[in-house]
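One-letter residues, chain by chain:
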Amino acid sequence: MYTTTKFVRVGNDRPITRQTDPEFYFEFQQGVLLALKEQGTLTEMQFKYAQDALKEQRRAMALTAAGQGGEQQ
């Protein structure tokens, strides 16, 4: 037995950026890195280096947001 899914509409259609949705942006980029690793495009070392760089960007964004009056949400 199969279930079909139908796209109905887009709610809250807005651009997703590092500034407006930092957590989603981080998780998305991390998913892309993992997919590239699983495909064999990235070696384990390249993956870890990119992941560390991504985490550092996330930390820097949090510090910048804290300096502007709190965490961005």
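The model shown is predicted, which means the values in this text are computed figures rather than measured ones.

Conventions used here
- Residues numbered from 1 in each chain as written.
- Predicted model: local features only at pLDDT ≥ 70, side-chain atom pairs only at ≥ 80, totals over all residues.
- Heavy atoms only, no water.
- Helix = DSSP H or I, 4+ residues; strand = E, 2+ residues; numbered from the N terminus.
- Rg over C-alpha atoms; globule rule 2.2 N^0.38 Å.
- Contact = heavy atoms within 4.5 Å.
- Areas by Shrake-Rupley, 256 points an atom, 1.4 Å probe, with all protein chains shown as cover.

Visitor: Looking at this structure, how should I read the overall build of the protein chain?
Guide: The helix and strand tally for the protein chain stands at two helices and zero strands. Taking 73 residues into account, the globule formula puts the C-alpha radius of gyration at 11 Å, and the protein chain, at 17 Å, lies well above it. Across its three principal axes, the protein chain shows a C-alpha extent of roughly 50 × 35 × 20 Å. Long-range contacts, defined as pairs at least 24 residues apart, comprise 40% of the intrachain contacts of the protein chain with a sequence gap of at least 6. On the protein chain, roughly 6,500 Å² of surface is accessible, and the fraction owed to carbon and sulfur atoms is 56%.

Visitor: Looking at this structure, how should I read the environment of Lys 37?
Guide: Mapped onto the elements, Lys 37 comes out in helix H1 (residues 22-39). Spatially, the C-alpha atom of Lys 37 lies 9.7 Å from that of Lys 48, the residues being eleven residues apart in sequence. With near-sequence residues (within four places) excluded, Lys 37 lies in contact with Leu 42, Glu 44 and Phe 47.

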